[in-house]
Amino acid sequence: MKKLKLGIQISGRGSNLQALIDACADKDFPAEIVLVISNVADVEGLARAQRANIPTLTLPHKTFPNREAFEKAIDEAHRKAGVELICNAGFMRIISPYLINQWRGRMINIHPSLLPAFPGLDIHQRVLQSGTLFSGCTVHYVEEAVDGGAIIAQAVVPVLPDDSEDRLAARVLKQEHQLYPMAVRLIAQGKITYQDGKVIRNDMESMCQNGLLNPAIHS
Ligand code: GRF
């Protein structure tokens, strides 16, 4: 089976990276990780990649004269590794139009809210303050608007009356770990494609029947 080649970008813990590593360990999973890039040295995510024998590269953003130079190095590394899809997994840098233009429609991100609600940072705190009854996570294409690209897949979790930020974050994270591999699978299988800033769902009926767009409601 020809596998989609993934380049993962991280800045820290790497639990979503781990979910993707675990998914790729299944010989029938239609994608493989060929490179992990971190902008922070010595993070847990790099150790996870090394344990799985995945090539890693640390590119500390502060060592570059400007954002474009940093992103040029990222771009070159992905190309050299043969990457076909970049997956941001807790990559804590704003991505500029330079890199977005090189990878538009081939770069995705996971965000711990039901976008377009609660983009940005301090998400769980803002969700709790808002009084909303549901939260969740979103996998989306990366566009210039931060957390604003076309939505690929989402999972929903309840917000409970006695929730703390940590409890809500943990409930959402559990769904992230199912959602990200699922979204990558849909893209690798061609069930989701990107066209002119929009997501095209090529197999919508079976996706809905199988709960593929929302694993949470089936778990
Ligand atoms: C996740 O909540 C992800 O949605 C957000 O950053 C966090 C990264 O966690 N973008 P991890 O590094 O994957 O454990």
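These remarks concern the structure in this document. Each chain carries its own residue numbering, running from 1 in the written order of its sequence. Thresholds applied to this predicted model are a pLDDT of at least 70 for local features of residues and 80 or more for the giving and counting of side-chain atom pairs; totals over whole chains, interfaces and linings are not thresholded and use all residues. Heavy atoms from the whole structure form the basis of all side-chain values; hydrogens and water molecules are not counted.

Structural notes on the overall build of the protein
Inclusion rule: In DSSP terms, a helix is any run of H or I states spanning at least four residues, a strand is any run of E spanning at least two, and both are numbered starting from the N terminus. Note on method: radius of gyration uses C-alpha positions; expected globular size equals 2.2 Å times residues raised to 0.38. Accessible area is worked out with a 1.4 Å probe on protein chains only. A residue is then buried under 20% of its type maximum, exposed over 50%, and partly exposed in between. Contacts: residue pairs with any heavy atoms within 4.5 Å of one another. Methods summary: accessible areas were calculated by the Shrake-Rupley approach with a probe of 1.4 Å, and residue burial reflects only the protein chains presented. His residues and chain termini do not enter the charge count, which takes Lys and Arg as positive and Asp and Glu as negative. Every charge is mapped onto a representative atom, which is NZ of Lys, CZ of Arg, CG of Asp or CD of Glu.
Secondary structure assignment for the protein yields seven helices and nine strands. Taken over C-alpha atoms, the radius of gyration comes to 17 Å for the protein, in line with the 17 Å a tight globule of 219 residues would show. Considering only C-alpha atoms, the protein reaches an extent of 45 × 40 × 35 Å along its principal axes. Going through the 219 residues of the protein one by one, you find that 49% of them count as buried. Taking the contacts inside the protein whose residues are at least 6 apart along the sequence as the reference set, 64% of them involve residues at least 24 apart. Surface exposure of the protein reaches about 10,600 Å², of which carbon and sulfur atoms provide 53%. Mean positive and mean negative side-chain charge positions of the protein (23 and 23 charges, respectively) differ by 3 Å.

A closer look at the site of the ligand
What counts is decided by this rule: We call a residue near a molecule or strand as soon as one heavy atom of that residue lies within 4 Å of the molecule or strand. The definition of a polar contact used here is a pair of N or O atoms within 3.5 Å, where within protein one atom must be able to donate a hydrogen and the other to accept one, and adjacent residues in sequence count solely through side-chain atom pairs. Classes in brief: Ala, Val, Leu, Ile, Met, Phe, Trp, Tyr, Cys and Pro nonpolar; Asp, Glu, Lys and Arg charged; the others, Gly included, polar. In this document the domain limits rely on a domain assignment from an automatic tool or a database.
Neighbouring residues of the ligand: Arg-13, Gly-14, Ser-15, Asn-16, Gly-90, Ile-110, His-111, Pro-112 and Glu-176. One of the side-chain nitrogen or oxygen atoms of Arg-13 is found 2.5 Å away from an oxygen atom of the ligand. For the ligand, whose unbound accessible area comes to 360 Å², protein coverage reaches 85%. Where the shell around the ligand is concerned, the elements lending two or more residues are α1 (15-24) and β5 (107-111). Considering only residue class, the shell around the ligand consists of two nonpolar, five polar and two charged. Each of two domains, domain 1 (1-103) and domain 2 (110-219), supplies a minimum of three residues to the shell around the ligand.

Re the packing of α1 against helix α2 (residues 44-51)
Put simply, the test is: Note on method: axes are straight lines fitted to C-alpha atoms, helices fitted across the in-contact stretch only, with angles between N-to-C directions ranging 0 to 180 degrees. Orientation is classified from the angle alone, with under 35 degrees giving roughly parallel, over 145 giving roughly antiparallel, 65 to 115 giving roughly perpendicular, and any other angle giving oblique. Here is the rule for handedness: rotate from the far helix to the near one, and if that takes an anticlockwise turn smaller than a right angle the crossing is left-handed, while a clockwise turn gives right-handed.
Here α1 crosses α2 at 15°, and the two axes come no closer than 9 Å. As far as their axial angle goes, α2 and α1 are roughly parallel. The way α1 lies across α2 gives a crossing that is right-handed. From α1, Ser-15, Leu-17, Gln-18 and Ile-21 reach across to α2, where they touch Gly-45, Arg-48 and Ala-49. Split by residue class, the contact of α1 with α2 holds three nonpolar, three polar and one charged.

Here's the deal with the nonpolar core
Let me state the cut-off plainly: Take the buried residues of types Ala, Val, Leu, Ile, Met, Phe, Trp, Tyr and Cys, join any two whose side-chain atoms come within 4.5 Å, and each joined set is a nonpolar core.
One finds Leu-6, Ile-8, Ile-33, Ile-108, Ile-152, Tyr-180 and Val-184 to be the most contacted residues of the largest nonpolar core, which totals 44 residues. The element that contributes the greatest number of residues to this core is helix α6 (residues 165-188), accounting for nine residues. Three or more residues apiece are contributed to this core by two domains, here domain 1 (1-103) and domain 2 (110-219). Those residues in contact with Val-184, other than ones at most four positions away along the chain, are Leu-6, Leu-20, Phe-29, Ala-31, Cys-87 and Ile-108. Grouped together as the second largest cluster of nonpolar side chains are 17 residues, Ile-95, Leu-99, Ile-100 and Trp-103 included.

Details of the sheet that holds strand β3 (residues 56-58)
Operational definition: Should DSSP find at least two bridges between two strands, the strands are taken to pair.
Spatially, the seven strands line up as an open sheet ordered β3-β2-β1-β4-β5-β6-β7, and their pairing is mixed. A single partner strand is all that each edge strand has here, and the edge strands are β3 and β7 (151-158). The sheet shows a mean angle of 20° between the axes of neighbouring strands, direction not considered. Where α6 meets the sheet, its contacts fall on β1 (4-10), β2 (31-38), β4 (85-88), β5, β6 (134-141) and β7, and the angle it forms with β7 comes to roughly 155°.

So, the packing of α1 against α6
The contact between α1 and α6 brings their axes to 9 Å, and the two run at 50°. Classed by the angle they form, the pair α1 and α6 counts as oblique. Handedness of the α1/α6 crossing: right-handed. Between α1 and α6, the residues in contact are Ser-15, Asn-16, Ala-19, Leu-20 and Ala-23 and Leu-173, Glu-176, His-177, Tyr-180, Pro-181 and Val-184, respectively. Broken down by class, the residue content of the contact of α1 with α6 amounts to seven nonpolar, three polar and one charged.

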